[in-house]
Amino acid sequence: MINPFFKNNGPFKISDILRLINLDDLKTVNDQKINDIKDLFTSDNNDITFFHSKKYKDIAKNTKASFCLTTESLKNELPRNCEPLIVKNVLVSTSKVTSKFYPSSINDNFDFTAKDIIDTKFKDKVNFGKNVLIGDNVTLGSNCLIGHNTIIEQNVIIGDNCSIGSNVIIRNTLINNNVSVLDNCVIGKHGFGFFPINEKNLRYPHIGIVIIGENSEIGCGCTIDRGSMSNTVIGKNTFLDNQIHIAHNVKIGENSIIAGQVGIAGSSILGNNVRIGGQAGISGHLTIGNNVEIAGGSGVIKDISDNSKVMGYPAKNIRDFLKDNK
Amino acid sequence: MINPFFKNNGPFKISDILRLINLDDLKTVNDQKINDIKDLFTSDNNDITFFHSKKYKDIAKNTKASFCLTTESLKNELPRNCEPLIVKNVLVSTSKVTSKFYPSSINDNFDFTAKDIIDTKFKDKVNFGKNVLIGDNVTLGSNCLIGHNTIIEQNVIIGDNCSIGSNVIIRNTLINNNVSVLDNCVIGKHGFGFFPINEKNLRYPHIGIVIIGENSEIGCGCTIDRGSMSNTVIGKNTFLDNQIHIAHNVKIGENSIIAGQVGIAGSSILGNNVRIGGQAGISGHLTIGNNVEIAGGSGVIKDISDNSKVMGYPAKNIRDFLKDNK
Amino acid sequence: MINPFFKNNGPFKISDILRLINLDDLKTVNDQKINDIKDLFTSDNNDITFFHSKKYKDIAKNTKASFCLTTESLKNELPRNCEPLIVKNVLVSTSKVTSKFYPSSINDNFDFTAKDIIDTKFKDKVNFGKNVLIGDNVTLGSNCLIGHNTIIEQNVIIGDNCSIGSNVIIRNTLINNNVSVLDNCVIGKHGFGFFPINEKNLRYPHIGIVIIGENSEIGCGCTIDRGSMSNTVIGKNTFLDNQIHIAHNVKIGENSIIAGQVGIAGSSILGNNVRIGGQAGISGHLTIGNNVEIAGGSGVIKDISDNSKVMGYPAKNIRDFLKDNK
């Protein structure tokens, strides 16, 4: 859980946190201060964490967190140092606690701190077009270009020699050197993550960021959402064509080539040297290996191992697909 | 045919209308005034309507319209009060007559009435970014946010507590309370509706609007077209992810969840609690029931009944699809 | 290779060109001047060309070029007047030489020549919105409309009676009379063309343009890339719906109708009167005949002959598809 941008409003007393999740009755040994909410692996002493699925039990066994939001059936997997807090819905409670620590990570209203670049320290540092806006907490490298009407909102770091197009909107994003972002992209907005509740869905916080590796290119009209509890990552020297959608927490490796209108759903992880044809889609929470080729128009719904070539919906070995569809 | 925005240029004498559709020779009893053009169901005495397909014959039987554009083979379904006007192509003639009543509904040129929000009455009512433009006939509720470079064109009503992102363009749209519209959306433009004619297609009027229910969210880069003769509707508490396209006259129910890059073609109607995975497509003029789940990447080409789960192209029962594709 | 916009920096001595592609050792009879780089068919005496695939051998036999970048196995197809230059990778060498002649065709940084239309000669000629920018070398016809925040970048010709929407970005494009371009389009950027090299891909130049025929319409949020060595063409009276992606070198015929979210990959050529349903995709380098209908959601991976109706992925005869999928 790397967190360079979102301000942690903590620490909070554990009693305040318990009240928030309707565990007021629970008595703790002392009313200690909790520094942060993190995942099972990265949390430390005096942090609170969450544990909602058996598949994380090996990590849960070794967590250093002091408290853990979990269920009756999972609580016995936790180590002694970590006190289980039994809640009805682990993710909803996690969302509430995260919102307390990071209130600014829930909504993505327009950035009212943004001002005309002419009124900032960057006016002599970068080449920029008309009507460029820059928000608070922005760092721009040397030799950068920023196109007309582009808005670099709060919490953005851009490296050297980057070319940002026109009508681009970026927030909560770290862009390395020599990256091109073409016109009309929206990068770093919260992902499509919420708890469905009739009448009024509950948005969960997105405290991750977007990281774009050096020498990469993002085509026109792409949307890349920031992560919820981890980051969304585009590897080095990876090129994206136009109108691509990358959902929250996705990680794409290096030297990959992704053609137009591809969509990658949340939390999928792709290896290096991956090639994806136009309009292909990848479902969420999948692992795609290195050197994988996915034919245009394919729909990938399960993991793909290294060096595979797949095609079809559901995507399968390309030779099998072509033989079956002669 | 709800019509809060488009100005009706009528009434017109029936003789003027007959001339427009090359029925000059036709003599009517008297040269009465016609107030409006409406569909078979909503039209009233002194209105003109149209009837082009047998499937509407039960509604046609009871229409209150005084005149009806129709064909030789359908005219006998009409009641006595309604005089049939036999034309070669009902929809083309309907288009011509509608254009006479609503000339502003055909083209979607940029809104030249739009002016800087600083020069409007809203400058003290809402929080807004740089370079925000507001057209004529706009109403904004309390506690709204409007992002940078956003254009609220003519004929828009926005409720309370709405958050409109940056680079958004909205026209001919009614947005209820607590709605978020994210960056780069275009909402309320005319649909992809015209009569194909070699050399020069004939656009037909779009006099419907877009209605977005309360507590809904529209993701980045979505396009939602307004209706032609009815409205395009997004129900309450329905969330749309990024890069979604909703065509004219589509109606989506409440509490629905639609993932990235989905496309819904014209005039399809979806029930409540519908969930659609990324990149799925729904053909036009279909009816999708309540509580339906459509897997990502599916292509729906026929109606789906309540409580179904479908997958594939063409979409079928998800268990059958997965069994057939093991 | 029509080239109205990109400035040719030549002529260059052949010795300078040889050095660029690591053929310094090669001695030519005299150090003649080379005027241009063109394809096999259009190149003339004192031009350099390239020949990388057997399928062009009939054209190669008759080329008038003085020099040709090619391989050991192809060189014997060339005529006497044309001296073969044997290189390891013909397209990479072609790219390097093209970049020398047309250095401005590689990168698509924002157009720093763009200035407020109020400061140009067009301020009394066209009707325009707020914050409209116009680059160098732009021609606008009479009776045009240009929407708010739109950027007409360098090298654009727009005919009479055109309506350009808001938030549109256009460069290197020729638009004929009576064309509508709706909001948020990006037209004329370089295509997704480069040589994949680990660590740092090599972009190849795009010296083609986009040509849009008269009476056409381009929907909201479309991206149309310019050609690399030829042009990207949209025929007369062809209508594109929203969110369509047209890749570089694609040629679409007249009187065609393309529904929302369709994608057409690089260098495919479509005939006249083609109809494509929503979300369909067409692979690169294909030929689609006249009067073809492609059903929504289809994935076309091979050529389609005139008057065919296809559906599915891979797309096949629509009756076969529907029979196989009952």
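Residues numbered from 1 in each chain as written. Chains lettered and ligands numbered in written order. Predicted model: local features only at pLDDT ≥ 70, side-chain atom pairs only at ≥ 80, totals over all residues. Heavy atoms only, no water.

**Description of the interface of chain C and chain A**
Taken together, the contact pairs 41 residues of chain C with 45 residues of chain A. In total, about 3000 Å² of surface goes out of reach between chain C and chain A, with carbon and sulfur atoms giving 53% of it. The three residues of chain C that bury the most area against chain A are Phe110(C), Phe192(C) and Tyr313(C), which together make up 26% of that side's buried surface. Taken together, chain C and chain A are joined by two salt bridges. In this structure, the salt-bridge partner of Arg203(C) is Glu217(A), at a minimum N-O distance of 2.4 Å. For the interface between chain C and chain A, the tally reads 26 residue pairs in polar contact (both at pLDDT 80 or more). (Contact = heavy atoms within 4.5 Å. Buried area = accessible area lost by both parts, 1.4 Å probe. Salt bridge = Lys/Arg side-chain N within 4 Å of Asp/Glu carboxyl O. Polar contact = N/O pair within 3.5 Å; in protein donor to acceptor, adjacent residues only side chain to side chain.)

**Structural notes on the interface of chain A and chain B**
With 41 residues of chain A in contact, the opposing surface of chain B contributes 45 residues. Area buried by chain A at its contact with chain B is led by Phe110(A), Phe192(A) and Tyr313(A), which between them contribute 26% of it. At the surface where chain A touches chain B, the tally comes to two salt bridges. Summed over the shared surface of chain A and chain B, the result is 27 residue pairs in polar contact (both at pLDDT 80 or more). Partitioning the side of chain A that touches chain B into residue classes produces 17 nonpolar, 16 polar and eight charged. (Nonpolar A, V, L, I, M, F, W, Y, C, P; charged D, E, K, R; others polar.)

**Some words on the pattern of salt bridges**
A complete count under the given rule lists 33 salt bridges over all chains for this structure. Residue Asp108(A) pairs with Arg171(A) through a salt bridge whose shortest N-O separation is 3.7 Å. Taken together, the positions of Asp108(A) in the loop between α3 (90–101) and β7 (115–116) and Arg171(A) in the loop between β15 (169–170) and β16 (173–175) put the pair 63 residues apart, joining distant regions of the chain. Owing to a relative accessible area of 9%, Asp108(A) belongs among the buried residues under this scheme. Relative accessible area serves as the criterion here: at 8%, Arg171(A) is assigned to the buried category. Lys61(B) is paired through a salt bridge with Glu77(B); the nearest N and O atoms lie 3.3 Å apart. (Helix = DSSP H or I, 4+ residues; strand = E, 2+ residues; numbered from the N terminus. Buried < 20%, exposed > 50% of the residue type's maximum accessible area, 1.4 Å probe, protein only.)

**Brief notes about the packing of aromatic side chains**
A full pass over the atoms with the stated rule returns 15 aromatic pairs over all chains. When the ring of Phe192(B) is compared with that of Phe194(B), the centres are 5.1 Å apart and the planes differ by 85°; the resulting orientation is edge-to-face. When sorted by exposure, Phe192(B) lands in the same class as Phe194(B), which is buried. When the ring centre of Phe12(C) is taken as reference, the NZ or CZ atom of Lys100(C) above it lies at 4.5 Å. (Phe/Tyr/Trp six-rings, centres within 6.5 Å; stacked < 30°, edge-to-face > 60°. Lys NZ or Arg CZ within 6 Å of the ring centre and 35° of its normal.)

**A few points about the side chain of His190(C)**
Locating His190(C) in the fold gives a position in the loop between β18 (186–187) and β19 (194–195). Reaching out from His190(C), the side chain makes a polar contact with the side chain of Arg203(C) at a distance of 3.3 Å. Those residues in contact with His190(C) that sit more than four places away from it in its chain are Leu182(A), Glu217(A), Ile106(C), Asn107(C), Asp108(C), Arg203(C), His206(C), Asp225(C) and Arg226(C).

**Overview of empty space enclosed by the protein**
As enumerated under the stated definition, the model contains four cavities of 30 Å³ or more in all. Space inside the largest cavity adds up to approximately 230 Å³. For the largest cavity, the lining is made up of 16 residues, of which Asn184(A), Gly221(A), Asn184(B), Gly221(B) and Gly221(C) are closest to its centre. Across the lining of the largest cavity, the residue classes break down as four nonpolar, twelve polar and no charged. (1 Å grid on protein atoms, 1.4 Å probe; cavity = no way out; pocket = protein on both sides within 12 Å on 5 of 7 lines; lining within 4 Å. Points joined across faces, edges and corners; volume = space filled by probe spheres on them.)

**Description of the relation of the copies chain C and chain A**
Overlay of chain C on chain A (RMSD 0.1 Å): rotation 120°, translation along the axis 0.0 Å. The relationship between the two copies is best expressed as a three-fold rotation axis. Counting the interface residues of chain C, we find that no more than 20% of their copies in chain A are interface residues as well, pointing to two distinct contact surfaces. (Least-squares fit on C-alpha atoms with pLDDT ≥ 70 in both.)

**Quick word on the sheet that holds strand β3 (residues 36–37) of chain A**
All names here are of chain A. With parallel pairing, the four strands of this open sheet are ordered in space as β3-β4-β5-β6. Unpaired on one side and paired on the other, β3 and β6 (83–86) mark the two borders of the sheet. Here β3 runs beside strand β4 (residues 47–50); their pairing, made up of two bridges, is parallel. Bridge pairing links aspartate 36 to aspartate 47 in β4. (Pairing = 2+ DSSP bridges.)

**Some details on a nonpolar patch on the surface**
Residues Phe41(A), Tyr56(A) and Ile59(A) make up a contiguous nonpolar surface patch of roughly 320 Å² in combined accessible area. Relative to the helices and strands, Ile59(A) resides in helix α2 (residues 57–60). (Patch = residues over 30% accessible without salt bridge, like charges linked within 9 Å, V, L, I, M, F, W, Y side chains within 5 Å. Areas by Shrake-Rupley, 256 points an atom, 1.4 Å probe, with all protein chains shown as cover.)

**Quick notes on the side chain of Asn131(A)**
Turning to its location among the elements, Asn131(A) is positioned in the loop between β8 (127–128) and β9 (133–134). A distance of 2.9 Å separates a polar atom in the side chain of Asn131(A) from a polar atom in the side chain of Asn149(A). Those residues within four positions of Asn131(A) in sequence are excluded, and the remaining contacts are Asn149(A), Thr150(A), Asn131(B), Asn149(B) and Asn131(C).

**So, the relation of the copies chain A and chain B**
For the pair chain A and chain B, the best superposition has an RMSD of 0.1 Å and corresponds to a rotation of 120° with a translation of 0.0 Å parallel to the axis. Here only 20% of the interface residues in chain A have copies in chain B that are interface residues too; the copies meet through unlike faces.

**Overview of helix α3 (residues 90–101) of chain C**
All names here are of chain C. Spanning twelve residues, α3 covers 17 Å between terminal C-alpha atoms, matching the ideal 16 Å at 1.5 Å per step. When we look at burial in α3, the residues that qualify are Val90, Val92, Ser93, Thr94, Ser95, Val97, Thr98, Ser99 and Phe101. Capping the start of α3, asparagine 89 holds a side-chain oxygen 3.1 Å from the backbone nitrogen of leucine 91, two or three residues further along. (Expected span 1.5 Å × (residues − 1).)

**Some thoughts on the sheet that holds strand β31 (residues 275–276) of chain A**
Residues and elements named next belong to chain A. Pairing is mixed across the open sheet formed by eleven strands, whose spatial order is β8-β11-β14-β17-β22-β25-β28-β31-β34-β36-β37. Only two strands of the sheet have a single neighbouring strand rather than two, namely β8 and β37 (316–317). By the bridge criterion, two bridges tie strand β25 (residues 239–240) to strand β28 (residues 257–258) in an arrangement that is parallel. Residue leucine 240 lies in a different strand from β28, and its bridge partner there is isoleucine 258.

**Points about the confidence of the model for chain A**
Taken over all residues, the pLDDT of chain A has a mean of 94, while the share at 70 or more is 99%. Across the assembled chains, the prediction reports ipTM 0.92 with pTM 0.94. (pLDDT = per-residue confidence, 0-100.)

**Topic: the state of the cysteines**
Residues and elements named next belong to chain C. All told, the structure shown has zero disulfides over all chains when counted by the stated rule. Cysteine cysteine 222 is unpaired, with the sulfur of cysteine 185 as its nearest cysteine sulfur at 4.7 Å. Note on cysteine 222: relative accessible area 0%, which makes it buried. (Disulfide = S-S within 2.5 Å.)

**As for the environment of Gly227(A)**
Residues and elements named next belong to chain A. Structurally, the position occupied by glycine 227 is in the loop between β23 (223–224) and β24 (232–234). The exposure class of glycine 227 is buried, given its relative accessible area of 0%. Remark: the alpha-carbon pair of glycine 227 and histidine 245, spanning 18 residues in sequence, is separated by 14 Å. Leave out the neighbours within four places in its chain, and glycine 227 touches His206, Ile207, Gly208, Ile209, Thr232, His248 and Asn249.

**Focus: the environment of Glu214(B)**
Residues and elements named next belong to chain B. Summarising the element assignment, glutamate 214 is placed in the loop between β21 (210–212) and β22 (217–218). Classification of glutamate 214 by relative accessible area gives partly exposed; the value is 30%. Separated by 52 residues in the primary sequence, glutamate 214 and cysteine 162 have C-alpha atoms spaced 9.2 Å apart. Once residues within four sequence positions are removed from consideration, glutamate 214 is found in contact with Asn176, Asn177, Val179, Lys236 and Asn237.

**A word on a positive patch on the surface**
All names here are of chain C. Together, Lys309, Arg319, Lys323 and Lys326 line one region of the surface with positive charge. Of note, arginine 319 is situated in helix α4 (residues 318–324). By relative accessible area, which is 66% here, arginine 319 ends up exposed. (Lys, Arg positive; Asp, Glu negative; His and termini not counted. Charge placed at Lys NZ, Arg CZ, Asp CG, Glu CD.)

**Focus: the environment of Asn272(A)**
Residue and element names in this part refer to chain A. Within the secondary structure layout, asparagine 272 lies in the loop between β30 (269–270) and β31. Overall, the relative accessible area of 29% leaves asparagine 272 in the partly exposed class. A C-alpha to C-alpha distance of 29 Å links asparagine 272 and asparagine 143, two positions 129 residues apart in sequence. Every residue in contact with asparagine 272, bar those within four places of it in the chain, is listed here: Gly253, Glu254, Ser256, Gly289, Asn290 and Asn291.

**Comments concerning unusual backbone geometry**
For the peptide bond that leads from Gly10(B) to Pro11(B), omega is 5°, which places it in the cis range. With respect to the secondary-structure elements, Pro11(B) resides in the segment before β1 (12–13). With a phi angle near 65°, Asn143(A) is a residue other than glycine that sits in the positive phi range. Residue position: Asn143(A) is located in the loop between β10 (138–140) and β11 (145–146). The backbone of Asn178(B) sits at a positive phi, close to 60°, despite the residue not being glycine. Locating Asn178(B) in the fold gives a position in the loop between β16 (173–175) and β17 (180–181).

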